[in-house]
Amino acid sequence: MKVLVTGSAGFIGMHTAKRLLAGGHEVVGVDSLNPYYDVALKRARLQQLAHPRFEFRITGRRHFENREYFRTRLHLLIPEIN
């Protein structure tokens, strides 16, 4: 299964993505990498997720607030979603 994990550079998102990858799933991680928490720490977490079945996309808050924008682009991340 292909799973979208929001906040994948955060503590919970990174561990969720790691567990999904260990379970054989494909993971698309998105995160804004905003400076509220240390961006270097977020990037280090993303390095821990380096895996052939992991794909990362930077996205901003505006993408999540604009549901139509996100809905129309989600199929680019996860083609099975219409």
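Scoring rules and cut-offs
- Residues numbered from 1 in each chain as written.
- Predicted model: local features only at pLDDT ≥ 70, side-chain atom pairs only at ≥ 80, totals over all residues.
- Heavy atoms only, no water.
- Pairing = 2+ DSSP bridges.
- Helix = DSSP H or I, 4+ residues; strand = E, 2+ residues; numbered from the N terminus.
- Axes fitted to C-alpha atoms, helices over the stretch in contact; angles between N-to-C directions.
- Contact = heavy atoms within 4.5 Å.
- Core = buried A, V, L, I, M, F, W, Y, C linked by side-chain atoms within 4.5 Å.
- Buried < 20%, exposed > 50% of the residue type's maximum accessible area, 1.4 Å probe, protein only.
- Phe/Tyr/Trp six-rings, centres within 6.5 Å; stacked < 30°, edge-to-face > 60°.

A.B. asks: Can you tell me about the sheet that holds strand β1 (residues 2-6), naming the residues and giving the values?
C.D. replies: Pairing is parallel across the open sheet formed by three strands, whose spatial order is β1-β2-β3. The strands lining the two open edges of the sheet, one partner per strand, are β1 and β3 (54-58). Between one strand and the next, the sheet's axes are offset by a mean angle of 20 degrees, whatever the strand orientation. Judged from the five bridges that link them, strand β2 (residues 26-31) and β3 form a sheet pairing that is parallel. Paired with D31 across the strands is I58, a residue of β3. Together, β1, β2 and β3 form the strand contacts of helix α1 (residues 11-22), whose direction differs from that of β1 by roughly 170 degrees.

A.B. asks: Requested: an account of the nonpolar core, with residues and values cited.
C.D. replies: Residues V3, V5, A9, M14, A17, L20, L21, V27, L33, L46, L49 and F54 constitute the largest nonpolar core, which totals 12 residues. Put simply, the parts of the chain that give this core at least two residues each are β1 and α1. A total of four residues in this core trace back to one element, the largest contributor, which is α1. Beyond its immediate sequence surroundings of up to four residues, M14 is in contact with G7, S8, R45, Q48 and L49.

A.B. asks: Outline the packing of aromatic side chains, supporting the account with residue identities and numerical values.
C.D. replies: All told, the structure shown has one aromatic pair when counted by the stated rule. Here Y36 and Y37 contribute two aromatic rings whose centre-to-centre distance is 5.0 Å and whose plane-to-plane angle is 90 degrees, an arrangement assigned as edge-to-face. Of the two residues, Y36 and Y37, both sit in the exposed class.

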